Amino acid sequence: MKNTLPKLIVIVACLLILPLRFIAQGSFDDATGESVADPGKYSDDWRANGPPGGDVRSLVVDPNNADRFYLGTLDAQIYTSLDAGKSWDLLYNFNRPKLFVDHIIVDPRDSKTLYVAAHRHKEAGGFFKSTDGGRKWRESPELKNEALHSLTQADADPNVLIAGTFNGIFRSEDSGDTWTQLPTYNTPGLVHVESLAIDPRTASTIYAGTWYLPYKSTDGGQSWRSIKNGIIDDSDIFAIDIDPRDPNHIIASACSGIYESKNGGDLWKKVQGIPSQSRRTRAIVQHPSVAGLVFAGTTEGFWRSDRGGEDGSWMVTTSRQLEINSIAIHPSRPQLIYIGTNNYGVMVSNDGGKNFVPTNGGYSGRFANVILSDRETPNRIYAATINTTTGGGFLFVSTDNGETWRPSMRNMPPRLITYSILQDVRDANVIYLGTNLGVYQSLDRGTSWAPVWTVIKAAAPAKGRAGKKKASTAGPAAVAAKPKSDETALKLQQALNAAGYKVGVPDGRAGKQTIAALRKYQTDRHLPVTGKIDDITLKSLGLTRADSAEATVILSDAVNALVQTVDIDTQQPLILAATNSGLYRSLDPTKGWQKLAYGADLDPRTSCISTDGQNPERILVGTAASGLLNSRDGGKSWQRVAGVPSEAPVNTIARDSQRPNYIYVGTKQSFYMSRDGGVNWSRRGGNLPFGDFTSILINPRNGDEVFAGNAYQTGEIGGGVYRSVNAGQTWARIDPKENRLPSQRIWALAFDSRDQNTLFVGSHSAGVYVVPRGASSLSAVSQ
């Protein structure tokens, strides 16, 4: 059965596992022995243009140059700015994925000397030193196996550095060249050291904050005592700041609040004025050149006190949605306050911390997991990102082919994550998103968004013993027998229990516990919070009313992929949705979805979908534990595909639109391809490594040109974009090999829709790379 709908490729991001890597240059077709174009010669121009912002862990200013800044990320990169934060350049990439660069120190004696402390939560991160401004780094052998969560330098003797680790405290007396562990093992609780400060008058007086309490040493760290008087027990001490004008005046932030001491930590008083929900204060700074001005960077905004932090003097000056990790101020520019944030990168205030604006030119730390090029509007690109630390995500639009980006999230709820983007084949203004909260829809090309079910009206409940209308579970095409008067509430209770919203033993009576669970479910799924058993809630739970002939549901959980094909019965456009509970179909998503059951022995957790544009009855889906599944009758029956192992989850499937028997599959371990419609399969192809292949892109004008993105990386090994010019027989890596890319873990690939001369690459922690095709590869655009 033929179909003229355009080919749509959906890219799905999944978790990582261990691969190996082999790199070589292939120049001959293994099947024919003929010379082919070098697939490695694609482009030397890789532009990291955004979307701007992302996570910034550490942010510091050079004490000798108020224009020079450094920032550290949560993926092993260091960026620098030479113009007071207006623009940023990648300075160094340690190539250690998931490495949190939480502390950077610029030595006040020589600005070319930099110190870095890093960690992977409880796992090792290490200490690094550079003496050439960050071009080259030396790792400390003594701290190689330590998770460093804090680092400080002594003002009285800058040769002294103190590092706090998961296992204790280390001291260096030669500017970080060598380290010695201090004897903290005799002090109960002095582990998991998260914050440090040294008295500016003497390097012998050290303050340490742990996950439990603060401690103090007056002999250089040889002995320690707890200084918890006035602090609630088991208080995680995030930051310690010493007043530069009065070293006995100390402010510390903890999970239980902010505390102040005026006698060197012997007695603490809790500071009032910051609401309890904002008390995870990761950074607290007493202004170095304005007496009495104190700043607190919290998980709910930036707080400011102009009266030394005293009770009642705090005011929040940013949105409480903003999470702040670091604060930087140069004493010579007291009105300029810089903050490093989650999701929004670097922000600057020009009025002493009262108002902030982003300043992220050249910096993107975003996890770009989906990219789609508008098929009708030239240069219009959609990109979804995932917020690595806070959860949720953003959606961006570019109208200049990826040079600049703007958010496109009007009416989206917080914490929405987009896993798939689909442009409707009938109306290009209609765009669907597969998200963690079901399917969202825009009718105006991304200007505004709403759940697709918003057109469904919540019907008034019928009277009954439970005060609700009767309902039954929905099957693909079945209607249950007429239930008892309280069966709707009973089924609802069972469904809520199964979804993790505990109502106790289901009894068919919608009491207070059931209503409370129902309201929480509605709130979490961003459904209308009615507290009633309405149509929307029933369909979201997979239930329908007893007197309804409909067998449709609302998708309110994660939708991993969306594709559009043709219904083999009606010849109308049909949308398929891959979810963790199976595959669903809909001719009109505003009216609900029907499940296409695989069978009891097959894993319903579906990650990706591929349809045959020429034969729409043929559907392939990738699963978490049943490998690749195939249907040849539009989803009525399914069989597992031999040749693609079920041990590794399937990430993505791509099918050549001109040669539908050419199929490519990326799993969390390897890459597979078939040239006979899935009857026979081969693994990888020449020069392609094992890896976590999350994205596959086929040139629609030349099916021999295929790209594969690898999301697995450990150190120098793994990651990257691979290209084949002979339909997957041989491959070459095309991303720059000199570690010039901030992030080499790849999650998404897309072409510009006009001429396939621009490649868009979604990375784990550097946003979207825009890659214009080089002159040497122009011949591959079309056959």
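Sequence positions are assigned chain by chain, starting from 1 and proceeding in written order. In keeping with the predicted nature of the model, local features appear solely for residues at pLDDT of at least 70, side-chain atom pairs appear and are counted solely at 80 or more, and the whole-chain, interface and lining totals rest on all residues. Hydrogen atoms and water are omitted, and side-chain values are computed over all heavy atoms in the structure.

Some details on the overall build of the protein chain
By the criteria applied, helices consist of DSSP H or I runs no shorter than four residues and strands consist of E runs no shorter than two, each listed in order from the N terminus. For the protein chain, the count of helices and strands is three helices and 62 strands. Within the span of the protein chain, comprising 783 residues, buried residues form 60% of the whole. Any two residues whose heavy atoms approach within 4.5 Å are treated as being in contact. For the protein chain, long-range pairs separated by at least 24 residues make up 49% of all intrachain contacts whose partners lie at least 6 apart in sequence. Accessible surface, the protein chain as shown: approximately 29,600 Å² in total, 50% of it carbon and sulfur. We call a residue buried when its accessible area falls under 20% of the maximum for its residue type, exposed when it is over 50%, and partly exposed in between, using a 1.4 Å probe and counting protein chains only. Per-residue and other accessible areas were derived by the Shrake-Rupley procedure at a 1.4 Å probe size, with only the shown protein chains allowed to occlude residues.

What to know about the packing of aromatic side chains
Working definition: a ring pair exists when centres of Phe, Tyr or Trp rings (six-membered ring for Trp) sit within 6.5 Å. Plane angles under 30 degrees give stacked, over 60 give edge-to-face, the rest tilted. Applying the stated criterion to the full structure yields 22 aromatic pairs. Between the aromatic rings of phenylalanine 367 and tryptophan 747, the centroid separation amounts to 5.1 Å while the plane-to-plane angle is 45°, which identifies the pairing as tilted. Within this pair, whereas phenylalanine 367 is found in strand β32 (residues 367-373), its partner tryptophan 747 is found in strand β60 (residues 746-751), the two being separated by 380 residues in sequence. Of the residues examined, tryptophan 747 reaches a relative accessible area of 2% and is grouped as buried. Ring plane angle 75° and centroid distance 5.8 Å describe the contact between phenylalanine 671 and phenylalanine 693, whose orientation is recorded as edge-to-face. Placement of phenylalanine 671 in strand β52 (residues 671-674) and of phenylalanine 693 in strand β54 (residues 693-698) is noted, with a sequence separation of 22 residues between them. With respect to class, phenylalanine 671 is no different from phenylalanine 693; both count as buried. Grouped by ring-pair contacts, the aromatic residues Tyr92, Phe94, Phe128 and Trp137 constitute a single cluster.

Considerations on the pairing of strand β36 (residues 418-423)
In terms of burial, β36 is largely enclosed, as five of its six residues are buried. Between any two strands, at least two bridges found by DSSP are needed for them to pair. Pairing geometry for β36 and strand β37 (residues 431-435), over five bridges, is antiparallel. Paired with glutamine 423 across the bridge in β37 is isoleucine 431.

Observations concerning the pattern of salt bridges
The term salt bridge refers to a side-chain nitrogen of Lys or Arg lying within 4 Å of a carboxyl oxygen of Asp or Glu. Scanning all chains against the criterion turns up 29 salt bridges. Between arginine 201 and aspartate 199 there is a salt bridge, with its nearest N and O atoms 2.8 Å apart. Exposure remark for aspartate 199: the relative accessible area of 3% places this residue in the buried category. Here arginine 773 and glutamate 705 are joined by a salt bridge, their closest N and O atoms 2.8 Å apart.

Quick word on the packing of helix α1 (residues 487-498) against helix α2 (residues 512-524)
Contact geometry of α1 with α2 gives a least axis separation of 11 Å together with a crossing angle of 55°. In this view, α1 runs oblique relative to α2, as classed from their interaxial angle. In the packing of α1 onto α2, the handedness of the crossing is left-handed. Every residue of α2 that contacts α1 at Leu492, Gln493 and Leu496 is listed here: Thr514, Ala517, Leu518 and Tyr521. Side-chain classes are defined by residue name, with Ala, Val, Leu, Ile, Met, Phe, Trp, Tyr, Cys and Pro counting as nonpolar, Asp, Glu, Lys and Arg as charged, and the others, Gly among them, as polar. The class makeup of the residues in the contact of α1 with α2 is five nonpolar, two polar and no charged. Lines fitted to the C-alpha atoms define the axes, with helices restricted to the stretch that makes contact. Angles between their N-to-C directions range from 0 to 180 degrees. Roughly parallel means an angle under 35 degrees; roughly antiparallel, over 145; roughly perpendicular, 65 to 115; everything else is oblique. Crossings are classed by handedness, with left-handed meaning an anticlockwise turn of the near helix from the far one by less than a right angle and right-handed meaning a clockwise turn.

Considerations on the nonpolar core
In terms of nonpolar packing, the biggest core is built from 17 residues, with Leu492, Leu496, Tyr521, Ile533 and Leu541 touching the most fellow members. Contributions of two or more residues to this core are made by α1, α2 and α3 (535-540). Examining the composition of this core, we find that four residues originate from one element, α1, more than from any other. Ignoring any residue separated from it by four or fewer positions in sequence, one finds leucine 541 in contact with Leu492, Ala495, Leu496 and Tyr521. Among the buried residues, those of types Ala, Val, Leu, Ile, Met, Phe, Trp, Tyr and Cys that are joined through side-chain atoms within 4.5 Å form a nonpolar core.

Concerning unusual backbone geometry
Cis rather than trans, the peptide bond between glycine 50 and proline 51 has omega equal to 0°. Mapping proline 51 onto the fold places it in the loop between β1 (47-50) and β2 (53-54). With a phi close to 55°, histidine 526 is a non-glycine residue in the positive phi region. Inspection of the secondary structure assignment puts histidine 526 in the loop between α2 and α3. Phi is positive for glutamine 571, which is not a glycine, with a value near 60°. Here glutamine 571 shows up in the loop between β42 (559-566) and β43 (573-579). Note on glutamine 571: relative accessible area 41%, which makes it partly exposed.

Focus on the environment of glycine 719
In this structure, glycine 719 sits in the loop between β57 (717-718) and β58 (721-724). Remark: the alpha-carbon pair of glycine 719 and arginine 733, spanning 14 residues in sequence, is separated by 9.6 Å.

Quick notes on the sheet that holds β54
Ordered in space as β54-β55-β58-β59, the four strands form an open sheet in which the pairing is antiparallel. The sheet is open, and its two edges are formed by β54 and β59 (732-733), each paired on a single side.

Re the sheet that holds β1
Strand order in the open sheet made by the four strands is β1-β62-β61-β60, with antiparallel pairing throughout. Edge positions in the open sheet fall to β1 and β60, since each of these has one partner strand only. If you compare each strand with its neighbour and ignore which way they point, the axes differ by 30° on average. Of the pairings in the sheet, the one linking strand β61 (residues 758-763) to strand β62 (residues 768-772) comprises five bridges and is antiparallel in character. The residue bridging leucine 759 from the neighbouring strand is valine 771, located in β62.

Section: α2
For an α-helix, the turn length of 3.6 residues means that residues three or four places apart are oriented alike. For a helix, the expected span equals 1.5 Å multiplied by the number of residues minus one. With 13 residues, α2 should cover 18 Å at 1.5 Å per step; its first-to-last C-alpha distance of 18 Å lies within 8% of that length. Those residues of α2 that fall on the buried side of the exposure criterion are Thr514, Ala517, Leu518, Tyr521 and Gln522. Seen from one end, α2 has its buried residues packed into an arc of 135°, which puts them on one side. Contacts made by the buried residues of α2 are with α1 and α3. Positive backbone phi, approximately 55°, marks histidine 526, located one or two places after α2. Starting at the helix axis, one direction is taken to each C-beta atom, and the arc is that of these directions.

Some thoughts on the confidence of the model for the protein chain
Per-residue confidence from the predictor is given as pLDDT, running between 0 and 100. Mean pLDDT for the protein chain: 88, with 89% of residues reaching 70 or above. Contacts from residues 456-485, a stretch scored under 50 in pLDDT, to residues over four places away or in other chains number 68 contacts.

Considerations on the pairing of strand β3 (residues 58-62)
A large share of β3 lies buried, amounting to five of its five residues. Residues Ser58, Val60 and Asp62 line one face of β3 and the alternating positions Leu59 and Val61 line the opposite face, and both faces are buried. The pairing of β3 with strand β4 (residues 65-72) spans five bridges and is classified as antiparallel. Each bridged residue has a counterpart across the sheet, and for serine 58 the counterpart in β4 is glycine 72.

Focus on the environment of threonine 178
Note that threonine 178 resides in the loop between β13 (169-172) and β14 (180-181). Residue classification places threonine 178 among the partly exposed positions, given a relative accessible area of 41%. Taking the C-alpha atoms as reference points, threonine 178 and glutamate 142, 36 residues apart in sequence, are found 7.3 Å from one another. Ignoring anything within four residues of it in the chain, the contact list for threonine 178 reads Glu142, Arg171, Ser172 and Glu173. We define a polar contact as two N or O atoms separated by no more than 3.5 Å, with the added condition that, inside protein, one atom must be a possible hydrogen donor and the other a possible acceptor, whereas residues neighbouring each other in sequence contribute only through side-chain atom pairs. A polar contact is formed between the side chain of threonine 178 and the side chain of aspartate 174, at a distance of 2.6 Å.

Structural notes on α1
With twelve residues, α1 ought to run about 16 Å at 1.5 Å a step, and its terminal C-alpha atoms sit 16 Å apart, in line with that. Regarding α1, the residues found buried are Thr488, Ala489, Leu492, Gln493, Ala495, Leu496 and Asn497. Looking one or two places after α1, you find glycine 500, whose phi comes out positive at around 95°.

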